[in-house]
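# Structural overview
One letter stands for each residue in the lines below.
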Amino acid sequence: PFKPKRRTRAEIARERGLGPLADAIWADRTLDPAKLAETFVQGEVTDVKVALDGARDIVAEAFSENADLLKRLRQHMRDGAVLKARVVAGKQEAGAKFSDYFEHTERWATTPGHRALAMLRGWNEEFLTLTIEVDADDTSPIKPAQRIIALAFHISDKGAADRWLMEVAGWTWRVKLSVSLSLDLMREMRERAEQEAIHVFARNLKDLLLAAPAGSRATMGLDPGI
């Protein structure tokens, strides 16, 4: 509890006095963010780009901390995510036992537990790279995930500030949210696969314990407590 918390980029931007810039962009979507940023150039904020980068960090934090938005994006990934396994360059021979997954792609939602565990083992042993992707085949300029963020915050493309916010939504998705949500889905896949493995093991053990101890021979058990 006494360990100082790591300062976020948004906190640093606020300390530099850029909170009002982000608020002004939110408040009036018709204004040009670059023009607004000119009035904040002072001290550590050396130019317009630094000012806009700080405002971007503040806005991105607002996106990242919205629980309802994260829930929608997580569900979007669960519905359409693709799991990709690739061999690490130069490790084809050493990792031959994972050769089935050197060039493997399948839907995350339907990956069987035994395959998931095999790929995760190859990943842990550094023979495979594992990535979870969504909307990779979508060729539209605004990806569906970016559109979900825009809808959650009522961002359109009518004004200069709206267009800037749309770009920030895309940047936040690529740099922050897709990475953290992919890790969540990887963890969820591992838990799902382990539960499936435990269930299969339990079912096999039950069949073994309930099997006739001597096949078709008649047997008699004696209770040593009598």
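Provided above is the structure to which this section pertains.
Residues numbered from 1 in each chain as written. Predicted model: local features only at pLDDT ≥ 70, side-chain atom pairs only at ≥ 80, totals over all residues. Heavy atoms only, no water.

## Overview of helix α4 (residues 48-64)
Counted at 1.5 Å a residue, the expected span for α4 with its 17 residues is 24 Å, and the 24 Å between its end C-alpha atoms agrees. Taken across its 17 residues, α4 has 12 buried, putting it largely inside the fold. Three or more residues of α4 are buried, namely Ala-51, Leu-52, Gly-54, Ala-55, Arg-56, Asp-57, Ile-58, Val-59, Ala-60, Glu-61, Phe-63 and Ser-64. Looking at the buried positions of α4, the neighbouring elements they touch are α1 (9-15), α2 (19-27), α3 (33-38), α5 (67-80), α7 (144-152) and α8 (160-210). Between the side-chain oxygen at the start of α4 and the backbone nitrogen of Lys-49 there is a gap of 3.2 Å, and the oxygen is on Asp-47. (Helix = DSSP H or I, 4+ residues; strand = E, 2+ residues; numbered from the N terminus. Expected span 1.5 Å × (residues − 1). Buried < 20%, exposed > 50% of the residue type's maximum accessible area, 1.4 Å probe, protein only. Contact = heavy atoms within 4.5 Å. Polar contact = N/O pair within 3.5 Å; in protein donor to acceptor, adjacent residues only side chain to side chain.)

## A few points about the pairing of strand β3 (residues 128-133)
Of the two faces of β3, the one holding Leu-128, Leu-130 and Ile-132 is buried and the one holding Thr-129, Thr-131 and Glu-133 is not buried anywhere. The sheet contact formed by strand β1 (residues 82-87) and β3 spans six bridges and is antiparallel. From the neighbouring strand, Lys-84 faces β3, where its bridge partner is Thr-131. (Pairing = 2+ DSSP bridges.)

## What to know about α7
Listed as buried for α7 are Pro-144, Ala-145, Gln-146, Ile-148, Ile-149 and Ala-150. Elements in contact with the buried residues of α7: α4, α5 and α8. In the stretch just after α7, His-154 is the one whose phi turns positive, near 55°.

## Describing the nonpolar core
Within the largest apolar cluster, 56 residues are counted, with the highest numbers of intra-cluster contacts made by Leu-21, Phe-63, Leu-73 and Trp-173. When residues in this core are grouped by element, the largest group, 13 residues, is from α8. Apart from the residues within four sequence positions on either side, Phe-63 is in contact with Trp-26, Leu-69, Ile-149, Phe-153, Ile-155, Val-168, Ala-169 and Thr-172. (Core = buried A, V, L, I, M, F, W, Y, C linked by side-chain atoms within 4.5 Å.)

## Let's talk about the side chain of Thr-172
Structurally, the position occupied by Thr-172 is in helix α8. In this structure Thr-172 comes out as buried when scored by relative accessible area, which is 0%. Here Val-168 takes part through its backbone oxygen, which lies 2.7 Å from a polar atom of the side chain of Thr-172. Contact partners of Thr-172, with chain neighbours within four places excluded, come to Ala-60, Phe-63, Ser-64 and Leu-177.

## Section: unusual backbone geometry
Leaving glycine out, the prevailing phi sign among residues is negative, and the prevailing peptide bond configuration is trans. Unusually for a residue other than glycine, Glu-126 sits at a positive phi of about 65°. With respect to the helices and strands, the residue Glu-126 is situated in the loop between α6 (113-124) and β3. Backbone geometry at Asp-135 places phi at a positive 65°, although glycine is not the residue there. Mapped onto the elements of the fold, Asp-135 is located in the loop between β3 and α7. Under the relative-accessibility criterion, Asp-135 is labelled buried at 16%.

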